[in-house]
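What follows is each chain in one-letter form.
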Amino acid sequence: MPDSVRIAVLASGGGSNFQALVDRFRRADVRYREVVGVIASRERAGVLERARRAGVAAAIAPPAATRAEMATFLRRALDGWRSDIVVLAGYMKLVPETVVRAYWGRILNIHPALLPSFGGRGMYGARVHQAVIEAGARVTGATVHFVDEAYDRGPILCQWPVPVLAGDTPESVAARVLKVEHRILPAAVEALASGAVRLDADRRVHWVREWFETDTFTNREG
Ligand code: GAR
């Protein structure tokens, strides 16, 4: 990873995780990290307004693209921004294999549950939290993992647990989990950018040096 790391984001929704990344890497004490662009999977994604306000370049995926066209579009945008790290932050589409291969070990996804539970095709947003409540799970959480060719399946980089409380609704669980996401996603991206963690050739996540930032990973207010 170069000293100065360029981060691209793929998103489909409101973009609060995109915002958490922008805020983290624009702090006065942070140099050599930049969110250089965002790709929205649809025209109406709220993330586009956030990108406009933050002055971050944005592109919209062509709606009726074939897999091959989508792969070409993504490669052009990501390579064009000279992206070092790609982050799926609420991105609801499968990333084409050629893109996964080109950015192997440098693409991360955040998922709002403790994978490998409550993940996979069709498991996104409120559906995840609904499934957690229906299963009677007492603990859920957030997971950041390296992306491979399947939904929510790649090697796990970090996780943080969140309790499910009596009377919880998908919305209340989502809000509790989202707060944690906003902490662990920037922390995981920084770990990868700084070389503290990497993906080995055998698909194992290797923490190169002791890194666990207690403050970042705890679920405290403020
Ligand atoms: C987040 O909770 C993210 O974990 C989830 O979508 C939400 C996007 O919120 N991703 C998935 O469910 C992926 N399977 P945001 O647009 O406010 O960042």
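Values in this document were obtained by computation on a predicted structure and should not be read as measured data.

Q: I keep staring at unusual backbone geometry and nothing clicks. Help me out?
A: Leave glycine aside and you will find that most residues have negative phi; peptide bonds, for their part, are mostly trans. In this chain, L115 is followed by P116 through a cis amide linkage whose omega measures 10 degrees. Within the secondary structure, P116 is located in the loop between β5 (107–111) and α5 (126–135). Despite not being glycine, R82 shows a phi value in the positive range, around 50 degrees. Looking at the secondary structure, you find R82 in the loop between α3 (67–80) and β4 (85–88). Residue class for R82 comes out exposed when judged on its relative accessible area of 56%. Even without being a glycine, R203 presents a positive backbone phi close to 70 degrees.

Q: What exactly am I supposed to notice about the packing of α5 against helix α6 (residues 170–193) here?
A: Each pair of packed helices gets described by two things: the angle between the helix axes and the distance between those axes. Taken N-terminus to C-terminus, the directions of α5 and α6 make an angle of 110 degrees; their axes are 9 Å apart at the nearest point. Considering their axes alone, α5 and α6 lie roughly perpendicular with respect to each other. Crossing hand, α5 versus α6: right-handed. Of the residues in α6, those touching α5 at A126, H129, Q130 and I133 are P170, V173, A174 and V177.

Q: Hey, could you run me through the nonpolar core in this one?
A: What tends to happen in soluble globular proteins is that the nonpolar side chains get buried as a cluster. Among the nonpolar cores identified, the biggest contains 46 residues, and F18 and V189 are the most heavily contacted of them. If one sorts the elements of this core by residue count, α6 sits on top with 10 residues. Once residues lying within four places of it in the same chain are set aside, the contact partners of F18 are V9, V35, V38, V47, R50, A51, V56 and A89. One finds A8, V36, V99 and Y103 within the second-largest nonpolar core, a separate group that totals 22 residues.

Q: Teacher, can you tell me more about the packing of helix α1 (residues 16–25) against α6 here?
A: At a closest axis distance of 9 Å, the pairing of α1 and α6 adopts a crossing angle of 50 degrees. In this view, α1 runs oblique relative to α6, as classed from their interaxial angle. Note that α1 runs across α6; the crossing there is right-handed. Between α1, through S16, N17, A20, L21, R24 and F25, and α6, the contact on the second element is made entirely by L178, E181, H182, L185, P186, V189 and E190. Each residue belonging to the contact of α1 with α6 can be placed in one class, and the counts come to 7 nonpolar, 3 polar and 3 charged.

Q: In this structure, what is going on with the confidence of the model for the protein chain? I would like to understand it.
A: Close inspection of predicted coordinates is inappropriate in any region flagged by low pLDDT. Within the protein chain, residue pLDDT values average 92, and 94% of them lie at 70 or more. Below a pLDDT of 50 lies the segment residues 214–222, which in the model reaches 18 contacts outside its immediate sequence neighbourhood of four places, other chains included.

Q: Looking at this structure, how should I read the sheet that holds strand β3 (residues 57–60)?
A: Within a sheet, adjacent strands bond to each other through the backbone by hydrogen bonds, running parallel or antiparallel. Read across the open sheet, the 7 strands follow the order β3-β2-β1-β4-β5-β6-β7; overall the sheet is mixed. Lying at the two open borders of the sheet, with one neighbouring strand each, are β3 and β7 (156–163). Across this sheet, the average inter-strand angle for adjacent strands is 20 degrees, counted without regard to direction. Judged from the 7 bridges that link them, strand β6 (residues 139–146) and β7 form a sheet pairing that is antiparallel. Paired with T140 across the bridge in β7 is V162. Running at roughly 145 degrees to strand β2 (residues 33–40), helix α2 (residues 47–54) makes contact with β1 (5–11), β2 and β3 of the sheet. Strands in contact with α6 are β1, β2, β4, β5, β6 and β7; relative to β6, the strand with the most contacts, it is inclined by about 25 degrees.

Rules used in this analysis
Residues numbered from 1 in each chain as written. Predicted model: local features only at pLDDT ≥ 70, side-chain atom pairs only at ≥ 80, totals over all residues. Heavy atoms only, no water. Helix = DSSP H or I, 4+ residues; strand = E, 2+ residues; numbered from the N terminus. Buried < 20%, exposed > 50% of the residue type's maximum accessible area, 1.4 Å probe, protein only. Axes fitted to C-alpha atoms, helices over the stretch in contact; angles between N-to-C directions. Parallel < 35°, antiparallel > 145°, perpendicular 65-115°, else oblique. Left-handed = near helix turned anticlockwise from the far one by under 90°. Contact = heavy atoms within 4.5 Å. Core = buried A, V, L, I, M, F, W, Y, C linked by side-chain atoms within 4.5 Å. Nonpolar A, V, L, I, M, F, W, Y, C, P; charged D, E, K, R; others polar. pLDDT = per-residue confidence, 0-100. Pairing = 2+ DSSP bridges.

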